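For reference, the chains in residue letters:
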2 protein chains.
Amino acid sequence: MSDTVTLTLEELETLSLEVLSRHGFDEAHAGAITRSVVAAQRDECHSHGVYRLLGCIETLQKGGVSPDAAPEISRAASGIVRADARQGCSLLAFERARPALIDAASTNGVALLALNNAFHFSALWPEVESLAETGLVALAMTPSHAFVAPAGGHAPLLGTNPIAFSWPRPDDAPFTFDFATSVVARGEIELHRRAGKAIPEGWAVDPDGHSTRDPERALEGAMLTFGGYKGSALSIMIELLAGPLIGDVLGHETQPAGTDGKGRPWHGELILAIDPRSLLGDAMERHLQHAEALFDGVLGQGARLPSQRRHAARRRSRERGVTIPETLYHELDALRQV
Amino acid sequence: MSDTVTLTLEELETLSLEVLSRHGFDEAHAGAITRSVVAAQRDECHSHGVYRLLGCIETLQKGGVSPDAAPEISRAASGIVRADARQGCSLLAFERARPALIDAASTNGVALLALNNAFHFSALWPEVESLAETGLVALAMTPSHAFVAPAGGHAPLLGTNPIAFSWPRPDDAPFTFDFATSVVARGEIELHRRAGKAIPEGWAVDPDGHSTRDPERALEGAMLTFGGYKGSALSIMIELLAGPLIGDVLGHETQPAGTDGKGRPWHGELILAIDPRSLLGDAMERHLQHAEALFDGVLGQGARLPSQRRHAARRRSRERGVTIPETLYHELDALRQV
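These numbers come from a predicted model, not from an experiment. (Residues numbered from 1 in each chain as written. Chains lettered and ligands numbered in written order. Predicted model: local features only at pLDDT ≥ 70, side-chain atom pairs only at ≥ 80, totals over all residues. Heavy atoms only, no water.)

Caption draft 1: View of the overall build of chain A. Helices and strands together make up the secondary structure of chain A, namely twelve helices and eleven strands. Whereas a compact globule of 338 residues would reach a radius of gyration of roughly 20 Å, chain A reaches 20 Å, a difference of no more than 12%. In terms of overall dimensions, chain A has a C-alpha envelope of 60 × 50 × 45 Å along the principal axes. Counting over 338 residues, chain A shows a buried share of 59%. (Helix = DSSP H or I, 4+ residues; strand = E, 2+ residues; numbered from the N terminus. Rg over C-alpha atoms; globule rule 2.2 N^0.38 Å. Buried < 20%, exposed > 50% of the residue type's maximum accessible area, 1.4 Å probe, protein only.)

The following block contains the structure:
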């Protein structure tokens, strides 16, 4: 086993804040980014944990994210909150728009947050879960750079387009899921290529649209959506809702920040919030309790709830801290001293 | 090829209205049901076409649907419309609530229709498409009787839980999809059993939770969701949103109407409507046009849009009428004369 370093959540938070501040992120952005990556690391979602700070700093150095943009929050209609991230990170824009979204949902029963023009790298579940913790039901989605072919196609057009959902539970952490609509993350294919291993059937097609198990050919071709034409339809829906519906771009119109300064990483995110009390009034507690029968039905047959493993990791991390690879720790530690 | 009968859309409509009226559905319900099954037949969605009238009459005779319930429409909050179908068919409740939903979406930017206590047998796409034809973006979902196991489980808990989405297009019929979150319809497994054919791997598990290709064992066990744990998570979301969130039941709490009068087929449906103009104002036309780049990207690589085949069938049916099996025609013709 490779060497690791164990840190308390407070130590991890300090490390993240110092790395971000040292490279120019203002206090507000450093705080919002830190809350997201520390939450992911705490829940053992390693791919959205503090390792992402490396990408944040790289994107900043390439001009792909504003380190001090103040998000502009406005109300377009009684049920519509807008947040213009102004090429800053999506996370601060969400945090600043969140109170207005909660207010709009409580007043109207349902509300949308249209978050525009944002650099986006984070997991969506901390956002929907934070809304469910206030008693709302929440759904979030965002497009991403185009690596995925539509069902029946052969060329990258769609992003890996994640969708996340959270539901408040009376006596437990919210029921939450968050998944990409691609079969796997692109990084999985890259890991297979580096290891010289074939990828499973159904992950990707080569540039001619033929199914391939060769990771090189897959990276030249396109990844596939999960669940065939159904996952492809969902992915298209996500592009439309978190793109043109909110006046923002499609996944294939974005590019990661490049050293030539020509990348256009910014795009939109859509968050829907529903207030159960508006629908159910005094019967809300009874119906939320009723929903538990569904979770009991899943657990009772030995199946797992989507958020279960993450919530167990959360309890462990709070007690024992988090463990990250020593190499990652040294990279981050060096970044805070540069 | 088996014998068929070709009817004009008007003839099909008259046949449907006469069958339903003859058995006691009032004019309003007969009209709403007819509009749905004729639209499905016109679009060559045979499984939701006029063949469904047989099930409607059977359900009526078993006391599973009120033939003359007047839906009660109310507003729970500025963005929430409620429709109590009072054990009548969902279709009339939707039609009666539709103007209030459109008004609420236009006023607030986003609105929800909570449709309760309904007998539901129809495709969801005619409902979301009818909203997109007025310029709204719409999403609909409903639970159904429990035939599907959650990912990692082995027993029926979830319905086949369909989800449908529709998006207005400037110069074309709306982009629309509508699919069950089960891998296939339960009827597909029954067809394999009757034909003595094995089912493909991944459709179902036996009562011990093992993957099975035996249709008998599959029907004793449980169907699976599409897309593994991701489809399972979506299916759970649909149960929560179109069940407890709107004060209605979960799929496993419903049963088809039975001859003993003990079935409880009624359940909920949720429809979300978003007004692009509230979000985009005068820039709406430009952004809807921009969305066409995504559809062009799908078609340009030889892939198909979800609604494409259905819309082509619609054009054919309008010109040449619809063709149904002669046996079905005779069954329906007999039912209008009983």
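Caption draft 2: Spotlight on the pairing of strand 2 (residues 72-77) of chain A. Residue and element names in this part refer to chain A. Pairing geometry for strand 2 and strand 3 (residues 80-84), over five bridges, is antiparallel. Each bridged residue has a counterpart across the sheet, and for Ile73 the counterpart in strand 3 is Ala83. A loop of two residues connects strand 2 with strand 3, the two strands running antiparallel in sequence. (Pairing = 2+ DSSP bridges.)

Caption draft 3: Inspection of the pattern of salt bridges at higher detail. If you walk through the whole model with that rule in mind, you get 38 salt bridges over all chains. Its salt-bridge partner being Glu58(A), residue Lys62(A) comes within 2.7 Å of it at the nearest N-O pair. Ionic pairing is found between Arg86(B) and Glu72(B), a salt bridge with its closest N-O pair at 3.7 Å. Of this pair, Arg86(B) sits in the loop between strand 3 (80-84) and helix 4 (90-108) while Glu72(B) sits in strand 2 (residues 72-77); the two residues are 14 residues apart in sequence, bridging distant segments of the chain. Judged by relative accessible area, which is 39%, Arg86(B) ranks as partly exposed. Each of Arg42(A), Asp43(A), Glu129(A), Arg310(A) and Arg314(A) takes part in a single network of salt bridges with overlapping partners. (Salt bridge = Lys/Arg side-chain N within 4 Å of Asp/Glu carboxyl O.)

Caption draft 4: Structural detail: the sheet that holds strand 7 (residues 172-179) of chain B. All names here are of chain B. Within the open sheet, the seven strands sit side by side as 2-3-4-10-5-6-7. Their pairing is mixed. The outermost strands of the open sheet, each flanked by one partner alone, are strand 2 and strand 7. Each strand axis lies, on average, 15 degrees off the axis of its neighbour in the sheet, ignoring direction. Inspection of the sheet shows strand 6 (residues 163-169) paired to strand 7 by six bridges, in the antiparallel sense. Among the inter-strand pairings, Ile163 is bridged to a residue of strand 7, identified as Phe179. The strands that helix 4 touches are strand 2, strand 3, strand 4 (110-118) and strand 10 (267-274); relative to strand 4, the one it contacts most, it runs at about 160 degrees. (Axes fitted to C-alpha atoms, helices over the stretch in contact; angles between N-to-C directions. Contact = heavy atoms within 4.5 Å.)

Caption draft 5: Structural view of the relation of the copies chain B and chain A. When chain B is fitted to chain A, the best match, at an RMSD of 0.0 Å, comes from turning it 180 degrees and sliding it 0.0 Å along the axis. The relationship between the two copies is best expressed as a two-fold rotation axis. Closest approach to the rotation axis within chain B is made by the C-alpha atom of Gly227(B), at a distance of 2.0 Å. Of the interface residues in chain B, 100% have counterparts in chain A that sit at the interface too, so the contact is made through matching surfaces. (Least-squares fit on C-alpha atoms with pLDDT ≥ 70 in both.)

Caption draft 6: Highlighting the interface of chain B and chain A. Taken together, the contact between chain B and chain A spans 71 residues of the former and 71 residues of the latter. For the pair chain B and chain A, the number of links is zero salt bridges. Element by element, the count of residues in the side of chain B that touches chain A is highest for helix 8 (residues 228-241) of chain B, at nine residues. Among the residues making up the side of chain B that touches chain A, the classes are represented as 46 nonpolar, 19 polar and six charged. (Nonpolar A, V, L, I, M, F, W, Y, C, P; charged D, E, K, R; others polar.)

Caption draft 7: Summary view of the packing of helix 1 (residues 9-22) of chain B against helix 2 (residues 27-42) of chain B. Residue and element names in this part refer to chain B. Contact pair helix 1 / helix 2: the axes reach a minimum separation of 9 Å and the direction vectors enclose 140 degrees. With respect to each other, helix 1 and helix 2 are oriented oblique. In this structure, the crossing between helix 1 and helix 2 has a hand that is right-handed. In contact with Leu9, Leu12, Glu13, Ser16, Leu17, Leu20 and Ser21 of helix 1, helix 2 contributes Ala30, Gly31, Ile33, Thr34, Val37, Val38, Gln41 and Arg42. Along the lines of polarity and charge, the residues of the contact of helix 1 with helix 2 split into eight nonpolar, five polar and two charged. (Parallel < 35°, antiparallel > 145°, perpendicular 65-115°, else oblique. Left-handed = near helix turned anticlockwise from the far one by under 90°.)

Caption draft 8: Representation of the sheet that holds strand 7 (residues 172-180) of chain A within the structure. All names here are of chain A. Strand order in the open sheet formed by seven strands is 2-3-4-10-5-6-7, with mixed pairing between adjacent strands. Strands at the two margins of the open sheet, each flanked by one partner only, are strand 2 and strand 7. Recorded for the sheet is a direction-independent mean angle of 15 degrees between the axes of neighbouring strands. Bridge count between strand 4 (residues 110-118) and strand 10 (residues 267-274): seven bridges; the pairing is antiparallel. By the bridge assignment for strand 10, Val110 is matched with Ile274. Across the sheet, helix 8 (residues 228-241) lies against strand 5 (137-141), strand 6 (162-169) and strand 10, angled at about 90 degrees from strand 5, the strand it touches most.

Caption draft 9: Structural detail: the side chain of Ser307(B). Checked against the element boundaries, Ser307(B) lands in the loop between helix 10 (284-300) and helix 11 (308-320). Other than its neighbours up to four places away in sequence, Ser307(B) contacts Pro174(B), Phe175(B) and Thr176(B).

Caption draft 10: Highlighting the environment of Leu279(B). Tracing the backbone through its elements, the reader meets Leu279(B) in helix 9 (residues 276-280). Owing to a relative accessible area of 5%, Leu279(B) belongs among the buried residues under this scheme. When the C-alpha atoms of Leu279(B) and Gly109(B) are compared, they prove to be 6.9 Å apart, with 170 residues separating the residues in sequence. The contact partners of Leu279(B), leaving out residues within four places of it in the chain, are Ile80(A), Arg82(A), Leu112(A), Ala114(A), Leu245(A), Ile246(A) and Ile274(B).

Caption draft 11: Summary view of the packing of aromatic side chains. For the structure shown, the criterion picks out 15 aromatic pairs over all chains. Seen from their ring centres, Phe175(B) and Phe177(B) are 6.3 Å apart, and the 80 degrees between their planes marks the pair as edge-to-face. Residue class for Phe177(B) comes out buried when judged on its relative accessible area of 4%. Here the aromatic residues Phe165(A), Phe175(A), Phe177(A), Phe179(A), Phe226(A), Phe295(A), Phe165(B), Phe175(B), Phe177(B), Phe179(B), Phe226(B) and Phe295(B) are joined through ring pairs into a cluster of three or more. In this structure, Arg310(B) packs its charged tip against the face of Trp125(B), placed 3.7 Å from the ring centre. (Phe/Tyr/Trp six-rings, centres within 6.5 Å; stacked < 30°, edge-to-face > 60°. Lys NZ or Arg CZ within 6 Å of the ring centre and 35° of its normal.)

Caption draft 12: Spotlight on the pairing of strand 3 of chain A. Burial of strand 3 of chain A is extensive: four of the five residues sit out of reach of the surface. In this view, the connection linking strand 3 of chain A to its parallel neighbour strand 4 of chain A by way of helix 4 (residues 90-108) of chain A has right-handed handedness. (Right-handed = clockwise from strand over helix to strand, strands pointing away.)

Caption draft 13: Local environment of unusual backbone geometry. All names here are of chain B. Backbone geometry places Asn117, a non-glycine residue, at a positive phi of 60 degrees. Within the secondary structure, Asn117 is located in strand 4. Assessed through its relative accessible area of 25%, Asn117 is described here as partly exposed. Despite not being glycine, Asn161 has its phi angle at roughly 30 degrees, a positive value. Judged by relative accessible area, which is 0%, Asn161 ranks as buried.

Caption draft 14: Just the nonpolar core, in detail. Phe165(A), Trp167(A), Phe165(B) and Trp167(B) are the most contacted members of the largest nonpolar core, which totals 100 residues. The contact partners of Phe165(B), leaving out residues within four places of it in the chain, are Met237(A), Leu240(A), Leu241(A), Val128(B), Val137(B), Ala138(B), Leu139(B), Phe175(B), Thr176(B) and Phe177(B). (Core = buried A, V, L, I, M, F, W, Y, C linked by side-chain atoms within 4.5 Å.)

Caption draft 15: Structural context of the environment of Leu9(B). Residues and elements named next belong to chain B. Among the structural elements, Leu9 can be located in helix 1. Under the relative-accessibility criterion, Leu9 is labelled buried at 15%. C-alpha separation for the pair Leu9 and His311, spaced 302 residues apart in sequence, amounts to 15 Å. The contact partners of Leu9, leaving out residues within four places of it in the chain, are Val38, Arg42, Ser317, Arg318 and Val322.

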